[in-house]
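# Topology and contacts: notes
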Amino acid sequence: MIMKKKELIFTFGLCLLMCLIWIAGELVMGLWLPVYPWVYIVWRVGIVVVTLGINIWHSLREDRSEENKTPAQAKYERKTQKRKQ
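The model shown is predicted, which means the values in this text are computed figures rather than measured ones. (Residues numbered from 1 in each chain as written. Predicted model: local features only at pLDDT ≥ 70, side-chain atom pairs only at ≥ 80, totals over all residues. Heavy atoms only, no water.)

Once that is clear, we can look at the overall build of the protein. Looking only at helices and strands, one finds three helices and zero strands in the protein. Secondary structure elements of the protein, listed N to C terminal, follow the sequence α-α-α. Per-residue burial over the protein gives 15% buried out of 85 residues. (Helix = DSSP H or I, 4+ residues; strand = E, 2+ residues; numbered from the N terminus. Buried < 20%, exposed > 50% of the residue type's maximum accessible area, 1.4 Å probe, protein only.)

This is the structure in structure tokens:
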């Protein structure tokens, strides 16, 4: 299955946002808050798990929205796809 442009932009934007949050957290923990070394590992794992969870939730939500199309929407999409070809 090929990703749509909208899905690709969402995934890229989400990864960029989570990278910025991760870097900000690392800086705060490294410069201002004294934390144990295992907190860094928990922080990294937490960021990855949250990123994957949001991405999976968004992709499942998009799949469901395509199933619930009205017949009029489906007809409109068939017509516009014929014009594009």
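With that settled, consider the pattern of salt bridges. By the definition in use, this model includes one salt bridge. One salt bridge in this structure joins Glu-26 and Arg-44, with 3.9 Å as the shortest N-O distance. Taken as a pair, Glu-26 in helix α1 (residues 5–31) and Arg-44 in helix α2 (residues 37–67) lie far apart in primary sequence, 18 residues in all. Looking at Arg-44, the relative accessible area reads 41%, which means it is partly exposed. (Salt bridge = Lys/Arg side-chain N within 4 Å of Asp/Glu carboxyl O.)

In short, shape yes, function no, at least from these values alone.
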